[in-house]
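Chains, contacts and geometry: an overview
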Amino acid sequence: YDYPSGVNGSGYCVGILELGGGYNTSDLNTFFQGLNLKTPKVTAVSVDGGSNSPVGDPNSADAEVALDLEVAGAIASSASFAVYFAPNTDQGFLDAITTAIHDTTNKPAVLSISWGGPESSWTAQAMNSLNSACQDAAVLGVSICVASGDSGASDGASSGLNVDFPASSPAVLACGGTRLELSGEKISSETVWNDLSSDGGATGGGVSQTFALPSWQQSANVPAAPNGKAGRGVPDVAGDADPDSGYQIYVDGQSEVVGGTSAVAPLWSALIALFSQQIGKSLGFLNPLLYSTAAEATFHDITSGNNDGYSAAKGWDPCTGWGSPDGAKLLA
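Residues numbered from 1 in each chain as written. Predicted model: local features only at pLDDT ≥ 70, side-chain atom pairs only at ≥ 80, totals over all residues. Heavy atoms only, no water.

Before going further, it helps to spend a moment on helix α5 (residues 264-279). In an α-helix, one turn spans 3.6 residues; hence positions three or four apart end up facing the same way. An ideal rise of 1.5 Å per residue puts 22 Å on 16 residues; α5 measures up with 22 Å between its terminal C-alpha atoms. In terms of burial, α5 is largely enclosed, as 13 of its 16 residues are buried. Immediately downstream of α5, the backbone of Gly280 shows phi near 90°, a positive value. (Helix = DSSP H or I, 4+ residues; strand = E, 2+ residues; numbered from the N terminus. Expected span 1.5 Å × (residues − 1). Buried < 20%, exposed > 50% of the residue type's maximum accessible area, 1.4 Å probe, protein only.)

Below, the structure written as structure tokens:
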């Protein structure tokens, strides 16, 4: 993805939101030593009584926490990290976002969120409250990257097409997933991540039935939502998410290879931290820029595959958005 070299996130903080699990400093030390990197400074922030509480099982939420920290930390290795631990409730989720964006001690420039659920599983009140907090983040100059879900176009809902929220908030950068294949250091193919036929996961994506089509998405050819209305298209961008082409992490004393759009949110959050260091300021709400004609050529356009509801196509599509990044071109 040609992330810019010569920058490492120094001087900036990456916030990570977690609704369960925890990290062990010994795991982080082992992971970063394996990359010949110094372990970044990580601060656990308690929200509503949530805490850094590793379960001790690599199949638990510990894997999510490790994935978020290790992916982002491997890229923005000199950034600081603030992990906001909150209860897995609507209120906990909301309070974690508001705590992070108003945190005057750690001052995150970007917030990575790998948690969410189908729009149909949320109350309108909860979605409106969270969306309002994400709008506040945009005003405050904090970028938010959110995973678009790992269950295809249904997002795991019992019926119909669903997008994942809060990825469907028009105030966040929604991150979809690809399957990445390399030849040496170059991309040989990149397609929509979809392993549903073999009982695996697939990138979430589609059109919101809650949030209207944003002005900056007007020319992206977003299809009508399942309810026939013009809605916010998800995702905006993408990155490698297939566990078969996935990420090596170290969690609860074990090496594992994992994937999911949960990896793409920290992948993009770290890229934003690198950009912030290079440019010398927090970037804030990026979406209008990413939907400009100038930005289209800075992506690897994914044109092959589907998420069992929508198909990839030239330009923006409801599987991988604009595609995966070419970091150097996007920085320019």
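The subject of this paragraph is the pattern of salt bridges. Tallied over the full model, the rule gives four salt bridges. Here Arg179 ties to Asp242 by a salt bridge, and the two come within 3.0 Å at their closest N and O atoms. Taken together, the residues Arg179 in strand β8 (residues 173-183) and Asp242 in the loop between β12 (237-240) and β13 (247-251) connect sequence positions 63 residues apart. Since its relative accessible area comes to 27%, Arg179 is described here as partly exposed. Given a relative accessible area of 1%, Asp242 falls into the buried group. Asp244 is paired through a salt bridge with Arg179; the nearest N and O atoms lie 3.5 Å apart. Of this pair, Asp244 sits in the loop between β12 and β13 while Arg179 sits in strand β8; the two residues are 65 residues apart in sequence, bridging distant segments of the chain. The class of Asp244 is exposed, set by a relative accessible area of 60%. Overlapping salt bridges, with partners in common, bring together Arg179, Glu181, Asp242 and Asp244 in one network. (Salt bridge = Lys/Arg side-chain N within 4 Å of Asp/Glu carboxyl O.)

Our next topic: the packing of aromatic side chains. For the structure shown, the criterion picks out nine aromatic pairs. With 5.8 Å between their ring centres and 55° between their planes, Phe93 and Trp122 make a pair best called tilted. Highlighted residues: Phe93 in helix α3 (residues 90-101) and Trp122 in the loop between β5 (117-118) and α4 (124-140), separated in sequence by 29 residues. Here Phe93 matches Trp122 in class, with each residue buried. Both rings, one in Trp122 and one in Phe165, keep their centres 5.0 Å apart while their planes meet at 80°; by these two values the pair is edge-to-face. Here the residue Trp122 occupies a position in the loop between β5 and α4, and Phe165 occupies one in strand β7 (residues 164-165), the gap between them amounting to 43 residues. Note on Trp122: relative accessible area 12%, which makes it buried. (Phe/Tyr/Trp six-rings, centres within 6.5 Å; stacked < 30°, edge-to-face > 60°.)

As far as function goes, none of this settles anything; it's purely spatial.
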